[in-house]
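A look at the structure
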Amino acid sequence: MDNLTNLLNGFGDVLTPINLLLALLGVTVGTAVGVLPGIGPAMTVALLLPITYGLEPVQAFIMFAGIFYGGMYGGSTTSILLNTPGESSSVVTAIEGNKMARAGRAAQALATAAIGSFVAGTIGTLLLVLVAPQVVKFAISLGAPDYLAIMLLAFAGATSVLGSSRIRGFAALLLGLVIGLVGIDKVTGQQRLTLGIPQLADGIDVVVVAVGIFAVGEALWVAAHLRRNPGTVIPVGRPWMGKSDWRRSWKPWLRGTAYGFPIGALPAGGAEIPTFLSYATEKKLSKHPEEFGHGAIEGVAGPEAANNASAAGTLVPMLALGLPTNATAAVMLAAFTSYGIQPGPLLFQREPKLVWALIASLFIGNLFLLLLNLPLAPAWAKLLQIPRPYLYAGIIFFASMGAYAVNAQPLDLLLLLVLGLLGFAMRRFGLPVLPLIIGVILGPIAERQARMALQLSNGDVSGLIGGPVAYVIYAVILVMIAWPLIAKLRRKIMTKDVVYTG
Amino acid sequence: MSTAETPREARRDTAQYGVCGFLAVVGALVIVDAARIQHIANSNDPIGPKPVPIVLGVLLLVVAVLYAVDVARGGTGEAEEGEDVDVTSAIDWRTVLLLIAAFVVNLVLIDPLGWVISGTLLFWGSAFALGSRHHIRNVFIAVALSLITFYAFAIGLGVNLPAGVLQGIL
C-alpha cells in the first residue's frame, strides 16, 4: 500500500491550480500538434520540448504527461479522419476508423477511440503504479552484466520489429551507436569522433538527434513527396455513441488493454503487435464479422485501447529501468536527461516526488484528454486542413528553434540539418528510425555497464555474461534473432493454411 | 506498414549500394578515429575507450557487406509512407534543396541578426520552397511567428534565443 500513499502524495503535488493549468495546456497543445498530419507522438514530444525548458522539473513532467497522451490521441484522430495512417501503431485504427468515418459514423469512431483511450490509459497507468515498483525492486538486485544484457535485448527488440528488414534495422542501430560515441569518454577523458571540434566534446545532444531525425527528416521527406491533393478530410460533429455502440465497444476496450499493457511493458514490445493482435481477436469474436473491412466499431475500439495501454506499458521499462522501447518513450527519456534526470531504478529512490508527480499527472492528463476531446473534435478536424506549406515550414521553424535553444550554438543547427538529411535518407531507403534513436540513448549506457562488468571481473571476459538473469535474457535474444528461421520451419510444417493476420 | 507493392519497386533500386558505401565509410572512419586513441588501461577500466568503437566499426563494415548482398539478391527497403506522402512520385529535389537553403540561411544568420529576423527568413523560405505563393501573407505569418516565439520563449520562458541586431529594440 506504500505505492498508494506515494501516489496520493503525487496527486497532492500536482493538484495546484498552476499545475493543473500546465497539465491542461500540455494536453491541448499535445493534441493540437499530434492531430496535425505527418506529426506522430514522438515528433509531438520532440517539437514541444522547448516549451518546458523554462519550467521546474516537476512542472515540466506534468506538462509532458499531458503532451504524451495528447499526442497519442491526436494521432488516432488523424488516422480516422484522413484516409492514410501516419504511425505504424495506428495503421489498424485507420483501417476500420476511416471506413466508419466514410460511412458517416466519424462521430462514433472518434468517441470510441477517445473513451477507449481513456479507459485503457487509466487502467494502464494503474497497472504502472502496481508494476513499476516491483520492477524497481527486482532491478536494484541486478548487476552490471544483467543491465548489459537488458540493453542488448532492447537493441535486438528494436532491430527485429515485425515485418521489417533486420539488416536495415541493424544498420540503423549501428549508426545510432556511433552517434552516441561522439564526445569525451566519461571514464578516461579521451575524445572520440569529435573531429577536433570543441563543441562536440560534450557529445551530440540527444534532443538534437531526436528533433533532427523525427522532425527535420520527416519534413524533408514529406516535402520531397508532397501529395499535391491532400486526402479529403471527413467533416465531423461532436463525438457521441449510441447504446449499441457502447455495447459493442466495452469488451474490445478491455481486451485491447489486456494485450497492450503487458506487451508494451516488455523491453522488446512496442505498440504494433498488440494493435494487430487486438484487431485479429475482435474480428474473430465479433458478432458482425461481415462488417470488418467496412467500418466495424470493434476494430477501432480494441486497437485504440491496445495502443494507449501499450503506451502506458512502455513507461514501466522507461521509468524503472531507463529503457525506452518506442520512439515516444525514447524522446521522453531524452527530455528527462536534458533535465539531468536519469530514469532507472535509482530514480524511484532519489526522486520519488518527481516520479509520483509524473504518474499522478498521467491520470490527470488522461482525464483532461477525455473532457477536452469530446467537445473539441470538430476544431481538431479543422486543423487537418492547414495548408501543407505552412505545416511543414512550421515544423522546420519549431525544430530549428528547439534545437538551437538546447545549447544556444549554431553548430547544433548544422548537426540538426545533417541528422535531418540522415533521417531523410533513412526514410527513402526504408531504414527504421527507432533503432537509431535507441542506439544513441542506450549505447553510452551499455558501454558503461560493459566496462563496469569488466572492472568487477578484472578484465576477464566471462564477467560480461553474468548471472542467471543475464542467461535468460541472452536466451530470449537468441530466439528473437533466430525467429525468422523458426518461423520458416513452422510454415513448412503447416503449409496447408497460411494464416495471415492484419 | 502496409505490404502494398508499388510498381516502382519492381525495378532494381541500385541507389541502395550508396547506403552500403556510406555504412562502410562510417565504419572505416570510426576505426581510424579509434586507432588514434592512446591505449590507457588501468585496474579501474581494464579495456579503456578503444574497443567499443573498434567493434562498432568492424560491425559497420560487416553490415555494409551483408546489406550489399541483400540488395544484390533483390532486397529493397520500403520507403516510409505517411498522411501527406505520395511514395509513387519521384523525389522533388528542387523543394528539398530550397528547404536546405532556407535552413542554412537561418543557421548562418541566427547569431549575427537574431532569431526574429533569421526565423522569419526560415519560415518564409520554407513556405516558398514548399510551393506557397502568397508572398505578402507569408511575410506577415513569418514575422508574427518569429515575434510570438521570441517573446513567449526567450522573454517569457527564458529559453536561449538571440535578439541579435534587434537587441534593445525588442
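Residues numbered from 1 in each chain as written. Chains lettered and ligands numbered in written order. Predicted model: local features only at pLDDT ≥ 70, side-chain atom pairs only at ≥ 80, totals over all residues. Heavy atoms only, no water.

Observations concerning the overall build of chain B
Let me state the cut-off plainly: Helix and strand labels come from DSSP, where a helix needs a run of H or I of at least four residues and a strand needs a run of E of at least two; each type is numbered from the N terminus. Atoms counted for the radius of gyration: C-alpha only. Globule rule: 2.2 Å times residue count to the power 0.38. Classification of residues uses two cut-offs on accessible area relative to the type maximum, computed with a 1.4 Å probe and protein chains only: under 20% is buried, over 50% is exposed, and between them is partly exposed. Charged residues are defined narrowly, with Lys and Arg counted positive, Asp and Glu counted negative, and His plus the chain ends left uncounted. Throughout, a charge is located at the NZ atom of Lys, the CZ atom of Arg, the CG atom of Asp or the CD atom of Glu.
The helix and strand inventory of chain B stands at 5 helices and 0 strands. Starting at the N terminus, the α and β elements of chain B follow one another as α-α-α-α-α. Its C-alpha radius of gyration of 24 Å places chain B more than 25% over the 15 Å reference for a compact globule of 170 residues. Reported as C-alpha extents along the three principal axes, the dimensions of chain B are approximately 55 × 55 × 25 Å. Residues classed as buried in chain B amount to 39% of the 170 residues present. The average position of the 9 basic charges and that of the 14 acidic charges among the side chains of chain B differ by 8 Å.

Details of a positive patch on the surface
Note the cut-off: In this analysis, a patch consists of residues with relative accessible area above 30% that form no salt bridge, clustered at 9 Å for like charges and at 5 Å for the nonpolar side chains Val, Leu, Ile, Met, Phe, Trp and Tyr. Computed with a 1.4 Å probe, the accessible areas rest on the Shrake-Rupley method; for each residue, only the protein chains presented here act as cover. Counted as salt bridges are all cases of a side-chain nitrogen of Lys or Arg within 4 Å of a carboxyl oxygen of Asp or Glu.
Taken together, the side chains of Lys488(A), Arg490(A), Arg491(A), Lys492(A) and Arg73(B) make up a positively charged region of the molecular surface. Accessibility expressed as a relative area gives 63% for Lys492(A), which makes it exposed.

With respect to helix 4 (residues 115-129) of chain B
What counts here: In this scheme, a helix's expected span is set at 1.5 Å multiplied by one less than its residue total. Residues count as neighbours in contact if any of their non-hydrogen atoms are within 4.5 Å of one another.
With 15 residues, helix 4 of chain B should cover 21 Å at 1.5 Å per step; its first-to-last C-alpha distance of 20 Å lies within 8% of that length. Burial of helix 4 of chain B is extensive: 11 of the 15 residues sit out of reach of the surface. Listing the buried residues of helix 4 of chain B in full gives Trp115(B), Val116(B), Ser118(B), Gly119(B), Thr120(B), Leu122(B), Phe123(B), Gly125(B), Ser126(B), Ala127(B) and Ala129(B). Where helix 4 of chain B is buried, its residues meet helix 15 (388-407) of chain A together with helix 3 (93-113) and helix 5 (135-156) of chain B. Positioned one or two residues after helix 4 of chain B, Gly131(B) has a phi angle of 105°, which is positive.

Focus: a nonpolar patch on the surface
All names here are of chain A. A grouping of Val479, Trp483, Leu485 and Ile486 is seen on the molecular surface, where their side chains present a nonpolar patch of about 370 Å² in accessible area. Assignment of secondary structure puts Val479 in helix 18 (residues 468-493). By relative accessible area, which is 43% here, Val479 ends up partly exposed.

Digging into the interface of chain B and chain A
What counts, and what does not: The term buried area means the drop in 1.4 Å probe accessible area that two parts suffer when joined, counted for both and summed. The term polar contact refers here to a pair of N or O atoms within 3.5 Å; inside protein, the definition further demands a hydrogen-donor-capable atom paired with an acceptor-capable atom, and it admits residues adjacent in sequence only when both atoms are side-chain atoms. Each residue is assigned to one of three groups, with Ala, Val, Leu, Ile, Met, Phe, Trp, Tyr, Cys and Pro labelled nonpolar, Asp, Glu, Lys and Arg labelled charged, and all others, Gly among them, labelled polar.
Chain B puts 83 residues into the contact, and the matching count from chain A is 76 residues. Contact with chain A buries area across many residues of chain B, yet Glu83(B), Asp84(B) and Phe103(B) alone supply 13% of it, more than any other trio. In this assembly, chain B and chain A are joined by 2 salt bridges. Between Arg168(A) and Asp70(B) there is a salt bridge, with the nearest N and O atoms lying 2.9 Å from each other. The tally of links from chain B across to chain A stands at 14 residue pairs in polar contact (both at pLDDT 80 or more). At the level of elements, helix 1 (16-36), helix 2 (51-72), helix 3, helix 4 and helix 5 of chain B are the ones that each hand at least two residues to the side of chain B that touches chain A. Classifying every residue of the side of chain B that touches chain A gives 47 nonpolar, 22 polar and 14 charged.

Regarding the nonpolar core
This is how it is decided: To qualify as a nonpolar core, a set must consist of buried Ala, Val, Leu, Ile, Met, Phe, Trp, Tyr and Cys residues joined through side-chain atoms within 4.5 Å. Domain start and stop points were drawn from an automatic or database domain assignment.
Counting residues in each nonpolar core, the largest one holds 216 residues, and the members touching the most others are Leu436(A) and Tyr67(B). The element contributing the most residues to this core is helix 14 (residues 352-383) of chain A, with 18 residues. Two domains each put at least three residues into this core: domain 1 (7-72) and domain 2 (93-166) of chain B. In contact with Leu436(A), not counting residues within four places along its chain, are Ala172(A), Leu173(A), Leu175(A), Gly176(A), Ile179(A), Val209(A), Ile213(A), Leu422(A) and Met426(A).

Side note on helix 1 of chain B
We apply this condition: For this quantity, the arc is that covered by the directions from the helix axis to the C-beta atoms.
Compared with an ideal rise of 1.5 Å per residue, which puts 21 residues at 30 Å, helix 1 of chain B spans 31 Å between its outermost C-alpha atoms and is within 8% of the ideal. When helix 1 of chain B is considered as a whole, its buried residues turn out to be Gln16(B), Val19(B), Cys20(B), Leu23(B), Val26(B), Gly27(B), Val30(B), Asp33(B) and Ala34(B). Seen along its axis, helix 1 of chain B keeps its buried residues to an arc of 160°; they face one direction. Opposite the packed face of helix 1 of chain B, turned more than 90 degrees from it, sit the exposed residues Val25(B) and Val32(B). Where the residues of helix 1 of chain B are buried, they touch helix 7 (166-181), strand 2 (191-192) and helix 16 (410-429) of chain A together with helix 2 of chain B.

A short note on the confidence of the model for chain B
Residue and element names in this part refer to chain B. Here is the rule: The quantity called pLDDT is the predictor's confidence in a given residue, expressed from 0 to 100.
When pLDDT is averaged along chain B, the result is 87, and 91% of the positions lie at 70 or above. By mean pLDDT, helix 5 is the weakest element of chain B at 92, and helix 4 is the strongest at 96. Throughout residues 1-10 the model reports pLDDT below 50, and contacts reaching past four residues in sequence, or to other chains, amount to 12 contacts. At the level of chain-chain contacts, confidence expressed as ipTM amounts to 0.91, with global pTM at 0.87.

Topic: unusual backbone geometry
Residues and elements named next belong to chain A. A positive phi is found at Leu195, a non-glycine position, where the angle reads about 55°. Even without glycine at this site, Ala408 takes up a positive phi of about 55°. Its place among the elements puts Ala408 in the loop between helix 15 and helix 16. Residue classification places Ala408 among the partly exposed residues on the basis of a relative accessible area of 33%.

Things to note about the pattern of salt bridges
Residue and element names in this part refer to chain A. Taken as a whole and judged by the stated rule, the model has 13 salt bridges over all chains. The closest approach of N and O atoms between Arg248 and Glu291, which form a salt bridge, is 2.9 Å. Of this pair, Arg248 sits in helix 9 (residues 243-265) while Glu291 sits in the loop between helix 10 (272-285) and helix 11 (298-321), and the two are 43 residues apart along the sequence. Judged by relative accessible area, Glu291 falls into the partly exposed class, the value being 26%. The salt bridge partner of Glu282 is Arg255, with a shortest N-O separation of 2.9 Å. One end of the pair, Glu282, is in helix 10; the other, Arg255, is in helix 9, with 27 residues separating them in the sequence. When its relative accessible area of 2% is taken as the criterion, Glu282 is described as buried. One network of salt bridges, in which partners are shared, links Asp185, Arg192, Glu447 and Arg451.

Remarks on the environment of Gln167(B)
Mapped onto the elements of the fold, Gln167(B) is located in the segment after helix 5. Measuring from C-alpha to C-alpha, the distance between Gln167(B) and Leu121(B) comes to 18 Å, with 46 residues separating the pair along the chain.

A word on the packing of helix 7 of chain A against helix 16 of chain A
Residues and elements named next belong to chain A. Which entries qualify depends on this criterion: In this analysis an axis means a line fitted to C-alpha atoms, helices contributing only their contacting stretch, and an angle means the value between N-to-C directions, from 0 to 180 degrees. Each angle receives one of four descriptions, namely roughly parallel if under 35 degrees, roughly antiparallel if over 145, roughly perpendicular if within 65 to 115, and oblique otherwise.
Remark: helix 7 packs on helix 16, axes separated minimally by 12 Å, with the N-to-C direction vectors making an angle of 170°. Taken together, the axes of helix 7 and helix 16 are roughly antiparallel relative to one another. Contact with helix 7, carried on its side by Arg168, Ala172, Leu175 and Ile179, involves Leu419, Leu422, Met426 and Phe429 of helix 16 and no other residues of that element. Each residue belonging to the contact of helix 7 with helix 16 can be placed in one class, and the counts come to 7 nonpolar, no polar and 1 charged.

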